[in-house]
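Overview (structure and organization)
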Amino acid sequence: PVCWERRSGGYTANDRFTVLLDDGRRVFVKHAPAQNLAESLRAEHRLYAALGAPYMPELLGWDDPGGHGQWPMLVLEDLSDAEWHPEWTRERVHAVRTALRQVATTPAPDWLRPAREAMDGMLDGWSVIEADPEPFLSLGICSRVWLERALPALAAAAESAPLDGGALLHLDVRSDNLCIRDGHALIVDWNWACVGNPDLDVACWLPSLACEGGPQPYEVLDDAGAFASMLAGYWGSVAGTPPPETAIPAVRDLQRRLLVVALDWARRELRLD
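One structure accompanies this document, and this report is about it. (Residues numbered from 1 in each chain as written. Predicted model: local features only at pLDDT ≥ 70, side-chain atom pairs only at ≥ 80, totals over all residues. Heavy atoms only, no water.)

Here we look at the overall build of the protein chain
The helix and strand inventory of the protein chain stands at 10 helices and 10 strands. Computed over the C-alpha atoms, the radius of gyration of the protein chain is 19 Å, within 12% of the 19 Å expected from 2.2 N^0.38 for a compact globule of 273 residues. If you line up the protein chain on its principal axes, its C-alpha atoms span 65 × 40 × 35 Å. Across the 273 residues of the protein chain, 48% fall into the buried class. Entry remark: accessible area of the protein chain is about 13000 Å², with carbon and sulfur atoms responsible for 49%. (Helix = DSSP H or I, 4+ residues; strand = E, 2+ residues; numbered from the N terminus. Rg over C-alpha atoms; globule rule 2.2 N^0.38 Å. Buried < 20%, exposed > 50% of the residue type's maximum accessible area, 1.4 Å probe, protein only. Areas by Shrake-Rupley, 256 points an atom, 1.4 Å probe, with all protein chains shown as cover.)

As structure tokens, this is what we get:
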């Protein structure tokens, strides 16, 4: 390395750098400074090593000392020249949809977990809200009366979300995990990869797409009230609580913005007044 430039972005406390090497190349380095982040980085590396697909950055290096207090480091192709948070034109939306179809048709490694297992703890959001609605109501998104009236329908729809299937999934598709280069979409941060219904990846992406000026979720994915309710339940159960120690404070603001879109989507799909 000749010089290191710290990179912003992401909602965890991983260290991120663009590094200039003495042969003129630039690479992206992600370093995990805590145990839970280290496990996520190991999972991400394992998938990069197994697939090497055109919709993900190229894996260039990996170091994992494995000792106490010694955390792994992942080295990837640098994507600084790509378009991050682009203006969402029809062509760019199509590029992401194309990439997600490519993901779904990629043979998944047999060691990946089913989506329902990978999302354990994320599927009971409305039950969490029902047990203690105050953090959710503190967000100021709806009234207590509306929540009490709508909660049974939202919970039932979320429980019916069709998660199961055999397709490879990223499971954390958001606009900050996407970039466009030469008209093609690239997807980063693969630590949540699993197998399930490919529509789940599309549904996860759509609230952040709408937050950035793209089309509304119901304009992209039809008849998806169950997904909308499930996502709104998860974000609603955490957005009003303090962020975890290994996440940056801004993660709760992001989740609130995604919640607003997802809840409006669920309200529309389920015809909740």
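That was the structure; now back to the text.
Considering the side chain of D78
Residue placement: D78 occurs in the loop between β5 (73–77) and β6 (83–84). By relative accessible area, D78 is classed as buried at 12%. Among the polar contacts listed, one links the side chain of D78 to the side chain of T18, at a separation of 3.3 Å. Non-local contacts of D78, meaning those with residues more than four positions away in its chain, are made with R7, T18, R26, V27, F28 and R181. (Polar contact = N/O pair within 3.5 Å; in protein donor to acceptor, adjacent residues only side chain to side chain. Contact = heavy atoms within 4.5 Å.)

Observations regarding the sheet that holds strand β8 (residues 178–181)
Taking strand neighbours across the sheet as the criterion, the 3 strands line up as β6-β8-β9 in an open arrangement whose pairing is antiparallel. The open sheet is flanked by β6 and β9 (184–187), the only strands paired with a single partner. In this structure, β8 lies alongside β9, joined through 4 bridges in antiparallel fashion. Each bridged residue has a counterpart across the sheet, and for C179 the counterpart in β9 is L186. (Pairing = 2+ DSSP bridges.)

Quick look at the packing of aromatic side chains
Going through the model one piece at a time under the given rule, you end up with 4 aromatic pairs. Arranged with centres 5.8 Å apart and planes meeting at 35°, the rings of Y55 and W190 form a pair that is tilted. One end of the pair, Y55, is in the loop between α1 (35–51) and β4 (59–63); the other, W190, is in the loop between β9 and β10 (194–196), with 135 residues separating them in the sequence. With respect to class, Y55 is no different from W190; both count as buried. When the ring of W88 is compared with that of W205, the centres are 5.8 Å apart and the planes differ by 70°; the resulting orientation is edge-to-face. (Phe/Tyr/Trp six-rings, centres within 6.5 Å; stacked < 30°, edge-to-face > 60°.)

Some thoughts on the pairing of strand β3 (residues 26–31)
Bridge analysis of strand β2 (residues 15–20) against β3 gives 6 bridges, and the strand direction is antiparallel. Looking at β3, one finds that L20 is bridged to R26. In sequence, β2 turns back onto β3 through a hairpin of 5 residues, with G24 there showing a positive phi of about 95°.

Some thoughts on the nonpolar core
If you look at the biggest cluster of nonpolar residues, it comprises 82 residues, and the most contacted ones within it are W126, F136, W190, L200 and W205. Setting aside residues no more than four positions away along its own chain, W126 makes contact with F136, L147, L151, L154, A155, A158, S229, A232, G233 and L263. Ranked by size, the runner-up nonpolar core spans 6 residues in total, among them V19, L21, V27 and V29. (Core = buried A, V, L, I, M, F, W, Y, C linked by side-chain atoms within 4.5 Å.)

Considerations on the pattern of salt bridges
Taken as a whole and assessed by the stated rule, the structure comprises 15 salt bridges. Where R92 meets E83, a salt bridge forms, and the shortest distance between an N and an O atom there is 2.6 Å. Three or more residues joined by partner-sharing salt bridges are found here, namely K30, E44 and D189. (Salt bridge = Lys/Arg side-chain N within 4 Å of Asp/Glu carboxyl O.)

Considering the packing of helix α2 (residues 90–105) against helix α7 (residues 199–211)
Their axes nearest at 11 Å, the elements α2 and α7 cross at an angle of 155°. The angle between α2 and α7 falls in the class roughly antiparallel. Crossing of α2 against α7: the hand is right-handed. Residues V93, V96, R97, L100 and V103 of α2 touch α7, and the partners they reach there are D201, V202, W205 and L209. Looking at the contact of α2 with α7 residue by residue, the class counts come to 7 nonpolar, no polar and 2 charged. (Axes fitted to C-alpha atoms, helices over the stretch in contact; angles between N-to-C directions. Parallel < 35°, antiparallel > 145°, perpendicular 65-115°, else oblique. Left-handed = near helix turned anticlockwise from the far one by under 90°. Nonpolar A, V, L, I, M, F, W, Y, C, P; charged D, E, K, R; others polar.)

Focus on the environment of V27
Inspection of the secondary structure assignment puts V27 in strand β3. V27 gets classed as buried once you look at its relative accessible area, which sits at 5%. When the C-alpha positions of V27 and G61 are compared, they lie 9.6 Å apart, and in sequence the two are 34 residues distant. Those residues in contact with V27, other than ones at most four positions away along the chain, are F17, T18, V19, L21, L60, V75, L76 and D78.

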